[in-house]
Every structure is written in C-alpha cells, then in structure tokens.
Amino acid sequence: ILVIYAQELRSAVRERSIVLNSVLLPIFLYPVMFWLIITGVTFAEGLAEGARSRVTVVGLPEEHQEILDSLRATNVVEVVEAFGTRTESEARLARGELDVVAEFLPPAETILRLPGNFEVSLVYDRSLERSRRARQRVEGVVERYRERWLSREARGMAISREEIEGFRIAGRDVATQQQLGTMLLSETLPLFLVVMVAIGCFIPAIDTTAGERERST
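A quick note: this is a predicted structure, and the numbers were derived from the prediction, not measured.

Conventions and cut-offs
Residues numbered from 1 in each chain as written. Predicted model: local features only at pLDDT ≥ 70, side-chain atom pairs only at ≥ 80, totals over all residues. Heavy atoms only, no water. Patch = residues over 30% accessible without salt bridge, like charges linked within 9 Å, V, L, I, M, F, W, Y side chains within 5 Å. Areas by Shrake-Rupley, 256 points an atom, 1.4 Å probe, with all protein chains shown as cover. Salt bridge = Lys/Arg side-chain N within 4 Å of Asp/Glu carboxyl O. Buried < 20%, exposed > 50% of the residue type's maximum accessible area, 1.4 Å probe, protein only. Phe/Tyr/Trp six-rings, centres within 6.5 Å; stacked < 30°, edge-to-face > 60°. Helix = DSSP H or I, 4+ residues; strand = E, 2+ residues; numbered from the N terminus. Lys NZ or Arg CZ within 6 Å of the ring centre and 35° of its normal. Pairing = 2+ DSSP bridges. Axes fitted to C-alpha atoms, helices over the stretch in contact; angles between N-to-C directions. Contact = heavy atoms within 4.5 Å. 1 Å grid on protein atoms, 1.4 Å probe; cavity = no way out; pocket = protein on both sides within 12 Å on 5 of 7 lines; lining within 4 Å. Points joined across faces, edges and corners; volume = space filled by probe spheres on them.

Comments concerning a nonpolar patch on the surface
Turning to step 1, where the next piece is worked out: Together, Leu25, Leu29, Tyr30, Met33, Phe34, Ile37, Ile38 and Val41 make up a nonpolar patch on the protein surface, roughly 780 Å² of accessible area in all.
Turning to step 2, where the next piece is worked out: Residue classification places methionine 33 among the partly exposed positions, given a relative accessible area of 39%.

Looking at the packing of aromatic side chains
Turning to step 1, where the next piece is worked out: If you walk through the whole model with that rule in mind, you get three aromatic pairs.
Turning to step 2, where the next piece is worked out: Both rings, one in phenylalanine 118 and one in tyrosine 145, keep their centres 6.4 Å apart while their planes meet at 35°; by these two values the pair is tilted. With phenylalanine 118 in the loop between strand 3 (100–105) and strand 4 (119–124) and tyrosine 145 in helix 5 (residues 129–157), this residue pair connects regions lying 27 residues apart in the sequence.
Turning to step 3, where the next piece is worked out: The class of tyrosine 145 is buried, set by a relative accessible area of 1%.
Turning to step 4, where the next piece is worked out: Residues phenylalanine 118 and tryptophan 149 carry aromatic rings whose centres are separated by 6.0 Å and whose planes lie at 50° to one another, so their mutual orientation is tilted. One end of the pair, phenylalanine 118, is in the loop between strand 3 and strand 4; the other, tryptophan 149, is in helix 5, with 31 residues separating them in the sequence.
Turning to step 5, where the next piece is worked out: An aromatic cluster is defined as three or more aromatic residues linked by ring pairs; in this entry it consists of Phe104, Phe118, Tyr145 and Trp149.
Turning to step 6, where the next piece is worked out: The positively charged end of arginine 146 is found above the aromatic ring belonging to phenylalanine 118, 5.1 Å away from the centroid.

Description of the sheet that holds strand 4
Turning to step 1, where the next piece is worked out: As summarised here, the arrangement of the four strands in space is 2-1-3-4, forming an open sheet in which the pairing is mixed. Since the sheet does not close on itself, it has two edges, and those belong to strand 2 (77–79) and strand 4, each with one partner. In this sheet, neighbouring strand axes are inclined to one another by 30° on average, regardless of whether the strands run parallel or antiparallel.
Turning to step 2, where the next piece is worked out: Across the sheet, helix 5 is in contact with strand 1 (53–58), strand 2, strand 3 and strand 4; its angle to strand 4 comes to roughly 165°.

Some thoughts on the pattern of salt bridges
Turning to step 1, where the next piece is worked out: This model, assessed by the stated rule, comprises 10 salt bridges.
Turning to step 2, where the next piece is worked out: Salt-bridge contacts for glutamate 81 lead to arginine 72; the nearest nitrogen and oxygen are separated by 3.2 Å.
Turning to step 3, where the next piece is worked out: Close ionic contact of glutamate 97 with arginine 95 constitutes a salt bridge, the shortest N to O distance being 3.2 Å.
Turning to step 4, where the next piece is worked out: Judged by relative accessible area, which is 36%, glutamate 97 ranks as partly exposed.
Turning to step 5, where the next piece is worked out: Among the residues examined, arginine 95 registers a relative accessible area of 55% and is labelled exposed.

Thoughts on the side chain of arginine 92
Turning to step 1, where the next piece is worked out: Looking at the element boundaries, arginine 92 is found in helix 4 (residues 86–94).
Turning to step 2, where the next piece is worked out: Those residues within four positions of arginine 92 in sequence are excluded, and the remaining contacts are Val80, Glu81, Phe83, Glu97 and Leu98.

Here's the deal with the environment of leucine 20
Turning to step 1, where the next piece is worked out: Topologically, leucine 20 is positioned in helix 2 (residues 16–50).
Turning to step 2, where the next piece is worked out: Not counting residues within four places of it along the chain, the set of residues in contact with leucine 20 comprises Leu25 and Pro26.

A few points about the layout of surface pockets
Once rolled over the atoms, a probe with the size of a water molecule shows which space is left empty.
Turning to step 1, where the next piece is worked out: Looking at the second largest pocket, its volume works out to about 210 Å³.
Turning to step 2, where the next piece is worked out: As for the second largest pocket, its lining consists of Phe118, Glu119, Val120, Leu122, Glu139, Val142, Glu143 and Arg146.
Turning to step 3, where the next piece is worked out: Those elements that provide at least two residues to the lining of the second largest pocket are strand 4 and helix 5.

Written out as structure tokens, the structure reads:
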C-alpha cells in the first residue's frame, strides 16, 4: 500500500507548473489577497467615519429645537439650511447635494395625544454608503432625544416611563440549545459538503491534467 501510495503521489505532482499554479501559488496568494481586501475595507470605513453627513431638517417644532442643537454639536454632521419645500430638498438629495432629509410630522396615531408629540421621516439613498451612514447618525440623535423627552413627560405626569409609551413589544426566545445547534448545522453543513466535493476532485483533476500534457492530448 505504501509503495502504491508513493507512486500515485509522485504521479500527481510530476507536473511542476500544475503544482506551482494549483498548490503553492494559492497558499501564498490567498492570504495576501485577504489582507489587501481587509485593509481596503478598513481604509474605506475610516474615510466614511470621518466624512461629514449633510443633513436638512424640515418641519422641526420649536419645542424640539434641542434636536437641531444636538445635530450641530456633532462633529460628523453638517446641518444644511432647507430651501423651499420637502420635494425640493429631496431633489437636492437625488443630485448628491444632501445625504439625508429629516422631516418632522405630527403623530398619525390618535390613541395617545401627548403635547408636542412627533414622528420623523428620514429620506436617504440606500445605494450610497455615505447616505446610509448619515441616516444612522441622525436616527441615533433623534432616538436619544426622544427617550429623554418621553422620560421628562412621564415625570411631569407622575407615571412610569413604560406607561407613557402606550405599549411595548416584548420578545421571548423559546428555542432550546439543541434547536439552535440544529439551525447552525443546517446553515454550515451544505457549505462543508461543497468544499469537501471540491477538495475531493482537486487531486484527480491535477493528475488528469498532468497526464494529458504528458501525452500531448
């Protein structure tokens, strides 16, 4: 068995160009490629983090001017004055002059009528990383302010923070550890099978190619 194994191994690696291109080159090339990709992604994320987001605010009530002050105090957000209507601001967004248009609206729900309550509509371009990041920044500022505002309103009404919100959606995970393991296995096992099939065909493919080259066929 050892003799046959050694003979087959020598026949599989007898073509130096195939061994170089199929075995040695990927061993050194793939780590370099992964390193370059990770470095490029990290560099691009760093540039995006430092870029200032151009934001226009439309219809902000006077009692919520703290939101505008918070946006202006953020170093990565540039508040651009709104010119014209919301449609014109969206047209500027389409031309690339803005990253996000934040429009403040009265609440649509009539169940809980808090004085000064509001809704926010964020218009952005999902195809652009700059616009998506600007949406996240504006959304974070608005959510933090709304949490503080609701807490103040609750204290003024002498009720709890949860009661003023009206309702909350509570989630409870009922999956067991065995079910989670089954889910992970079902997601990874097909990939492993594909990799095993590819590796299983790798050595016969090298041997076949080497034989064809030797026989000039």
